[in-house]
Amino acid sequence: NRQVVLERYIEGVPKVTDMAMKIGKKELKAPKGSGAFLVKNLYLSCDPYMRGRMRDFHGSYIPPFVPSQPIEGFGVGKVLDSDNPDFKPGDFISGITGWEEYSLIHNTSQLRKIQPDDAIPLSYHLGLLGMPGFTAYVGFYEICSPKKGEYVFVSAASGAVGQLVGQLAKLHGCYVVGSAGSRQKVDLLKNKLGFDEAFNYKEEADLDAALKRYFPEGIDIYFDNVGGEILDAALLNMRIHGRIAVCGMVSLHSFSDPKGIHNLYCVVPKRIKMQGFLQSDYLDKFPEFLEHVTKNFKEGKIVYIEDMNDGLESGPAAFVGLFSGQNIGKQVICLARD
Ligand code: NDP
């Protein structure tokens, strides 16, 4: 049972050498009386929040990984053997599993059964129809209080969360601009994902001027995936009664060069509502999210871009790549297709 383990707790930007391949014990059966089931992992997800679990810090909403144990993360797998009546051999599941070929799963609190559907790749349950897609859905509808015709700005716009935020905003009748870190991503935003405009923030010497160019009348909604300098520039360009959904601060995850925020004062005169949120607080909305996004996807009104790397051994580099923008779309690792 090949596994990817965390070598040691880290500081700063994650490196490939912070993780290691290991051969673990392969369970062939779910032990009788254990209530567990054995899963063959097919797809594993690389998500920025996992960086937070690589620190020796217990005060967060989620505990740290255990060094020399397989990394935990969202995955899609197939049940091979089961001592749990709710999960039968042949069932497909999506939820928290391990970075290993086979996982014995005891805790089903963050796991659900999924129905294979010829029209939807199984791996989409890690992105479009999984945690990142749900984050986009609750972040946009619950936190941003969008209205038709409003001006929406999304950062890390071509990523797992951002690409859906932009498309939901377009379906809602908003004007949407995204920022991303390469020309290829900007091209995808404009020509595949339906954003009205997009720009490469790395090519803009003055982010405030860039936002003024794309939002001459200001921003009603900023969906913030990155924090740092882009948030600082967005604050200057918010309209009165604007909303900022603080989804994540990937630019600060590594704490290597944290950039200060200078323009927070704008929230007072502009009466900006700025709210952080965790998708896990809204799980009662998961069924309505699945229905809404599946329907729009099947009708061709939503598309989704994945970045698929093959093989468990590609996991560490794929994960590390999130923090330099190497991924183009939702980063997934494929271990096996069935
Ligand atoms: P992405 O697929 O967007 O991948 C991360 C992207 O972040 C990279 O591709 C890169 O895109 C961008 N990035 C990396 N470093 C920087 C930097 N220094 N400055 C600016 N951009 C950077 O990730 P997700 O869509 O999965 O996650 C997006 C955000 O949402 C993250 O902050 C994540 O933590 C957060 N999140 C929050 C949740 C919640 O419940 N609140 C749940 C899930 C995710 P580019 O090339 O464009 O720079």
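Bear in mind that the values here come from a model prediction, so they are computed numbers and not experimental data.

Here is what the cut-offs are and how they apply
Residues numbered from 1 in each chain as written. Predicted model: local features only at pLDDT ≥ 70, side-chain atom pairs only at ≥ 80, totals over all residues. Helix = DSSP H or I, 4+ residues; strand = E, 2+ residues; numbered from the N terminus. Buried ≥ 20, exposed ≤ 12 C-beta atoms within 10 Å, placed from the backbone. Contact = placed C-beta atoms within 7 Å. Pairing = 2+ DSSP bridges. Axes fitted to C-alpha atoms, helices over the stretch in contact; angles between N-to-C directions. Parallel < 35°, antiparallel > 145°, perpendicular 65-115°, else oblique. Left-handed = near helix turned anticlockwise from the far one by under 90°. Nonpolar A, V, L, I, M, F, W, Y, C, P; charged D, E, K, R; others polar. Right-handed = clockwise from strand over helix to strand, strands pointing away. Core = buried A, V, L, I, M, F, W, Y, C linked by C-beta atoms within 7 Å. Domains from an automatic or database assignment. Near = placed C-beta within 6 Å. pLDDT = per-residue confidence, 0-100.

With respect to the overall build of the protein
Argument step 1. Check the secondary structure of the protein and you find 7 helices and 15 strands.
Argument step 2. Taking the principal axes of the C-alpha coordinates as reference, the protein spans close to 65 × 45 × 35 Å.
Argument step 3. Classification of the 338 residues of the protein by burial places 45% in the buried group.
Argument step 4. Considering only residue pairs separated by 6 or more positions, the protein has 67% of its internal contacts joining residues 24 or more positions apart.

Overview of the sheet that holds strand S11 (residues 219-224)
Sheets are built from strands paired through backbone hydrogen bonds, the pairs being either parallel or antiparallel.
Argument step 1. In space, the 6 strands of this open sheet follow the order S10-S9-S8-S11-S12-S13, with parallel pairing throughout. Since the sheet does not close on itself, it has two edges, and those belong to strand S10 (197-200) and strand S13 (273-276), each with one partner. Strand-to-strand twist in this sheet, taken as the mean axis angle between neighbours without regard to direction, amounts to 15°.
Argument step 2. Relative to S10, strand S9 (residues 175-180) runs parallel, the two sharing 4 bridges. For Ala180, the partnering residue across the bridge sits in S10 and is Asn200.
Argument step 3. This element, helix H3 (residues 183-191), spans S9 and S10 of the sheet and lies at about 175° to S10.

What to know about the packing of helix H1 (residues 131-143) against helix H2 (residues 162-171)
Argument step 1. The geometry of H1 relative to H2 is characterised by a closest axis approach of 8 Å and an angle of 45° between their N-to-C directions. Regarding the angle of H1 to H2, the classification is oblique. Regarding H1 and H2, the two cross each other, and that crossing is right-handed. Side by side, H1 and H2 meet where Gly133, Ala136, Tyr137, Gly139 and Phe140 of the first sit next to Leu164, Val165, Leu168 and Ala169 of the second.
Argument step 2. Taken together, the residues of the contact of H1 with H2 sort by class into 7 nonpolar, 2 polar and no charged.

Some remarks on the pairing of strand S14 (residues 306-310)
Consecutive side chains of a regular strand alternate in pointing toward one face of the sheet and then the other.
Argument step 1. The pairing of S14 with strand S15 (residues 330-334) spans 5 bridges and is classified as parallel. Bridge pairing in S15 places Asp310 opposite Cys334.
Argument step 2. Crossover connection from S14 via helix H7 (residues 315-321) to parallel S15: handedness right-handed.

Quick word on the packing of helix H4 (residues 207-214) against helix H5 (residues 228-237)
Argument step 1. Interhelical geometry of H4 versus H5 gives an angle of 50° and a closest axis separation of 9 Å. Judged by the inter-axis angle, H4 sits oblique to H5. Seen from above, H4 lies across H5 with right-handed handedness. Contacts between H4 and H5 pair Leu207, Asp208, Leu211 and Lys212 from the former with Glu229, Ile230, Ala233, Ala234, Leu236 and Asn237 from the latter.
Argument step 2. Split by residue class, the contact of H4 with H5 holds 6 nonpolar, 1 polar and 3 charged.

Things to note about the nonpolar core
Argument step 1. Tyr43, Val152, Val165, Phe223 and Ala234 are the most contacted members of the largest nonpolar core, which totals 82 residues.
Argument step 2. If you tally residues by element for this core, the top one is H1, at 7 residues.
Argument step 3. Domain assignment of the residues forming this core places at least three in each of domain 1 (2-127 + 305-334) and domain 2 (131-280).
Argument step 4. Once you skip the residues sitting within four places of it in the chain, Tyr43 turns out to touch Gly75, Val76, Leu122, Ser123, Leu126, Val332, Ile333, Cys334 and Leu335.
Argument step 5. Counting residues in each nonpolar core, the second largest holds 13 residues, with Leu38, Val39, Tyr102 and Leu104 among its members.

Some thoughts on the domain arrangement of the protein
Argument step 1. Looking at the protein, the domain boundaries give domain 1 (2-127 + 305-334) and domain 2 (131-280).
Argument step 2. Look at where the C-alpha atoms of domain 1 and domain 2 centre, and you get two points 28 Å apart.
Argument step 3. The partner domain 2 presents 19 residues to the 13 residues of domain 1 that form the contact.
Argument step 4. Of the residues assigned to the side of domain 1 that touches domain 2, the class counts are 7 nonpolar, 4 polar and 2 charged.

Some remarks on the site of the ligand
Argument step 1. Close to the ligand lie 31 residues, the nearest being Gly159, Gly181, Gly248, Ser251 and Gly325.
Argument step 2. A total of 3 residues in the shell around the ligand trace back to one element, the largest contributor, which is H1.
Argument step 3. Tallied by class, the residues present in the shell around the ligand amount to 16 nonpolar, 12 polar and 3 charged.
Argument step 4. For the shell around the ligand, the two domains that each supply at least three residues are domain 1 (2-127 + 305-334) and domain 2 (131-280).

Topic: H1
Argument step 1. When you tally the buried positions in H1, you get 11 out of 13 residues, the bulk of the element.
Argument step 2. Ser145 occupies a position one or two residues after H1 and carries a positive phi of about 40°.

Brief notes about the environment of Asn191
Argument step 1. Mapped onto the elements, Asn191 comes out in helix H3.
Argument step 2. When the C-alpha positions of Asn191 and Asn107 are compared, they lie 42 Å apart, and in sequence the two are 84 residues distant.

Re the environment of Gly75
Argument step 1. Its location among the elements puts Gly75 in strand S4 (residues 72-82).
Argument step 2. In the structure, Gly75 is positioned 20 residues away from Gly95 in sequence and 5.6 Å away in space, judged by C-alpha atoms.
Argument step 3. Leaving out residues up to four positions away in the same chain, Gly75 has contacts with Asn41, Tyr43, Leu44, Ser45 and Thr97.

Digging into the confidence of the model for the protein
Argument step 1. The share of residues in the protein with pLDDT of 70 or more is 98%, and the mean pLDDT across the chain is 95.
Argument step 2. The ipTM assigned to the predicted complex is 0.99, against a pTM of 0.97.

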